[in-house]
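# A closer look at the structure
Next come the chains, spelled out residue by residue.
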Amino acid sequence: MQLDIVVAFFLLGAVATLSRASFEVPKAIYRGCTLFLLLAIGIKGGMAFTAYPLGVLIPQALIIIAFGLILPFIAFPILYKIGGWTREDAASTAAHYGSVSVATYAVSVAVLEAQGITYEAYFPLFVALLEIPAILAGLFIAKPKIFMSKAFPRALHEMFFNEGVLLLIGGLIIGAWGGDRTERLMPFFGDLFHGVLALFLLELGRQAATRINDIKRQGPFLASFSIAMPLLAASLGYLLAVYVLNLSAGGVFLLMVLASSASYIAVPAAMRSALPEANNALAITASLAITFPFNVLVAIPLYLSLTQLGS
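A brief look at the structure comes next.

The rules behind each value
- Residues numbered from 1 in each chain as written.
- Predicted model: local features only at pLDDT ≥ 70, side-chain atom pairs only at ≥ 80, totals over all residues.
- Heavy atoms only, no water.
- Helix = DSSP H or I, 4+ residues; strand = E, 2+ residues; numbered from the N terminus.
- Rg over C-alpha atoms; globule rule 2.2 N^0.38 Å.
- Buried < 20%, exposed > 50% of the residue type's maximum accessible area, 1.4 Å probe, protein only.
- Contact = heavy atoms within 4.5 Å.
- Areas by Shrake-Rupley, 256 points an atom, 1.4 Å probe, with all protein chains shown as cover.
- Axes fitted to C-alpha atoms, helices over the stretch in contact; angles between N-to-C directions.
- Parallel < 35°, antiparallel > 145°, perpendicular 65-115°, else oblique.
- Left-handed = near helix turned anticlockwise from the far one by under 90°.
- Salt bridge = Lys/Arg side-chain N within 4 Å of Asp/Glu carboxyl O.

### What to know about the overall build of the protein
Summing up its helical and strand segments, the protein has 16 helices and zero strands in all. A compact globule built from 311 residues should have a C-alpha radius of gyration of about 19 Å, and the protein, at 18 Å, falls within 12% of that. Residues counted as buried form 54% of the 311 residues belonging to the protein. Considering only contacts in the protein between residues 6 or more positions apart, those separated by 24 or more positions represent 87%. Summed over its atoms, the accessible surface of the protein is roughly 13200 Å², and 67% of this surface lies on carbon and sulfur atoms.

### Examining the packing of helix α5 (residues 102–115) against helix α11 (residues 193–209)
Taken N-terminus to C-terminus, the directions of α5 and α11 make an angle of 140 degrees; their axes are 11 Å apart at the nearest point. One way to sum up the angle between α5 and α11 is to call them oblique. When the axes of α5 and α11 are compared, the crossing they make is left-handed. For the pair α5 and α11, the contacting residues are A103, A106, V107, A110 and E113 in the first and F193, H194, L197, F200, L201 and L204 in the second.

### With respect to the pattern of salt bridges
In this structure the tally under the stated criterion is six salt bridges. Residue E113 pairs with K44 through a salt bridge whose shortest N-O separation is 3.2 Å. Within this pair, whereas E113 is found in helix α5, its partner K44 is found in helix α2 (residues 27–49), the two being separated by 69 residues in sequence. A residue is classified by how much of its surface remains accessible, and E113, at 34% relative accessible area, is partly exposed. One salt bridge connects E203 with R206, and the closest N-O pair in it is separated by 2.7 Å. Note that E203 and R206 are positioned in helix α11 at a spacing of three residues, about one turn of the helix. Given a relative accessible area of 15%, R206 falls into the buried group.

### Describing the packing of helix α4 (residues 87–98) against helix α7 (residues 131–142)
Two numbers describe how α4 lies on α7: the axes approach to 8 Å, and their chain directions differ by 165 degrees. Relative to α7, the element α4 lies roughly antiparallel. Our pair here, α4 against α7, has a crossing hand that is right-handed. Where α4 approaches α7, its residues R87, A91, A95 and G98 are matched on the opposing element by A134, I135, G138, I141 and A142.

### Some thoughts on the environment of A137
Along the chain, A137 falls in helix α7. Taking C-alpha positions, A137 is 9.5 Å from S92, a pair spaced 45 residues apart along the chain. Residues within four places of A137 in sequence aside, it is in contact with L69, P72 and F73.

Okay, structure coming up:
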């Protein structure tokens, strides 16, 4: 299967940086792209959200939350026992891998839309829900008593009011509440989605390439974990989507992608606040410089092929 065209912009950013070209997407534009994508994903999900009864949404949401809690407990012993990392470093990185990457989700949605494959419109809710339990699990693994400390309220605020959760949920509410009126926004949030995503990926390619030396310093274990853990999580996501949630082929694909992805925005902010002694550079290098490129270049085409074969 061919890579989606937006992924070419990620490769362009990486190649330009590795070639030592003098280029960088201005921070204000990158931030604007981030905000745009979060709102666009939320609004488009909210427009179709009301078509699903709460009797379907609530049980599935609870299952997704439980899934987000479990993943860090799978990642932690690999990092702690096999990798020999400190408890804090292993717990922090495990939390990143229990959470999600909105950029990876955006690429997967672009792929489905390009292929004309339908999926459950409430998936932006799952994206938002998967941010929170992974952080709680990571903090519990690192320091069970942290929930009684002064650092926890700050982390709690980061969990519920980080830009990912806030804008995704806000977009969902606006899209659902606006109904037909939301169509007025779609020439902006709909038609421009792929173009903004391409610009966003251009900068992510540059950021990922700047961490090549960090990967070399950490050695083969970090690279192995950053590929093996997503594949393991995606396998669990597939089983959950097919045998428990009974999702469509597009939904199975998206849950595999969400399970496979790792946060590099929301979770680092919460971990820096509540667990400052952890080396968050390890988690960022793993999630952004290894897992994200692996997902957009290899895993997304692979998962889509597998779900199409199984449908």
